[in-house]
Amino acid sequence: MALYITEDCIACDACLPECPNEAISEGDPIYVINPDLCTECVGYYDEPQCAAVCPTDACQPDPNHQETEEQLLEKKKRIHGE
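Below is a short write-up of the structure. (Residues numbered from 1 in each chain as written. Predicted model: local features only at pLDDT ≥ 70, side-chain atom pairs only at ≥ 80, totals over all residues. Heavy atoms only, no water.)

## Re the overall build of the chain
Under the convention used in this document: Secondary structure counts use DSSP, requiring at least four H or I residues in a row for a helix and at least two E residues in a row for a strand, with both numbered from the N terminus. The atom set for the radius of gyration is the C-alpha atoms, and the globule formula is 2.2 Å times the number of residues raised to the power 0.38. The buried label goes to any residue with under 20% of its type's maximum accessible area, the exposed label to any with over 50%, and the partly exposed label to all in between, with areas taken from a 1.4 Å probe on protein chains only. Contact criterion: two residues are considered in contact whenever any of their non-hydrogen atoms come within 4.5 Å of each other. Charged-residue counts in this description rest on Lys and Arg as positive and Asp and Glu as negative, His and the chain ends being excluded. Charge positions are represented by NZ for Lys, CZ for Arg, CG for Asp and CD for Glu.
Counting its regular elements, the chain contains 2 helices and 4 strands. Taken over the C-alpha trace, the chain has a radius of gyration of 12 Å; the compact-globule value for 82 residues is 12 Å, and the two agree within 12%. Taken along the three principal axes of its C-alpha coordinates, the chain extends 35 × 25 × 20 Å. In the chain, buried positions account for 33% of the 82 residues. Here the analysis covers contacts within the chain between residues at least 6 apart in sequence; of these, 68% occur between residues at least 24 apart. In the chain, which carries 4 positive and 18 negative side-chain charges, the distance between the mean positions of the two groups comes to 13 Å.

Shown next, in the form of C-alpha cells:
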C-alpha cells in the first residue's frame, strides 16, 4: 500500500529528498504523497525511507491504497521503465 502523511507533519523537509520515486511534494501546510507514485520503496530499500527519517512518525500506511509487494514492484517498473 502507498503511504500518506498525517497532520503530525511539521514540514521539516526530511522526507522529500529520500523518495526514489519523487512521490512526495510540498502541500499546504503539510507534505503529501502521491499514491500513484509511492511504492513504499519496494525494490530500493528494506523499509520506506520517508518513514525512516520522519521525526514525528507522520508517514503511515494508507488504508485507502492497499497493494501487494508484487503490485508495488510492477508500479516501480511502470514509473522507471525497469
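## Examining the packing of aromatic side chains
Cut-off, in case you're wondering: Any two rings among Phe, Tyr and Trp, with Trp reduced to its six-membered ring, count as a pair given centres within 6.5 Å; such a pair is stacked if its planes are under 30 degrees apart, edge-to-face if over 60, and tilted if neither.
Within the structure shown, the criterion is met by 1 aromatic pair. With centroids separated by 6.5 Å and ring planes inclined at 35°, the aromatic side chains of Y44 and Y45 adopt a geometry described as tilted.

## What about the side chain of T39?
In plain terms, the rule: Each polar contact in these results corresponds to two N or O atoms within 3.5 Å; when the atoms are within protein, one needs to be able to donate a hydrogen and the other to accept it, and residues that are neighboring in sequence are counted only if both atoms are side-chain atoms.
Its place among the elements puts T39 in the loop between β3 (31-33) and α1 (49-53). Residue T39 is classed as buried on the basis of its relative accessible area, which comes to 0%. Polar side-chain contacts of T39 include one of 2.8 Å to the side chain of N21. Leaving out residues up to four positions away in the same chain, T39 has contacts with N21, L72, K75, K76 and I79.

## So, the environment of G27
Mapped onto the fold, G27 is located in the loop between β2 (24-26) and β3. Between the C-alpha atom of G27 and that of D13, which follows or precedes it by 14 residues, the distance is 11 Å.

## Here we look at unusual backbone geometry
Geometrically, the link from D28 to P29 is a cis peptide bond, its omega value of 15° lying close to zero. Within the secondary structure, P29 is located in the loop between β2 and β3. Backbone geometry at A11 places phi at a positive 50°, although glycine is not the residue there. By secondary structure assignment, the location of A11 is in the loop between β1 (3-5) and β2. Even without glycine at this site, E22 takes up a positive phi of about 55°. Checked against the element boundaries, E22 lands in the loop between β1 and β2.

## Side note on the nonpolar core
Quick reminder of the rule: Only buried residues count toward a nonpolar core, which is a set of Ala, Val, Leu, Ile, Met, Phe, Trp, Tyr and Cys residues joined through side-chain atoms within 4.5 Å.
Membership of the largest hydrophobic core comes to 16 residues, with the highest contact counts inside it found for I5, I24, I33 and C50. For this core, the secondary-structure elements that each account for two or more residues are β1 and β3. Here C50 is in contact with L3, C15, I24, I33 and C59, once residues within four sequence places are set aside.

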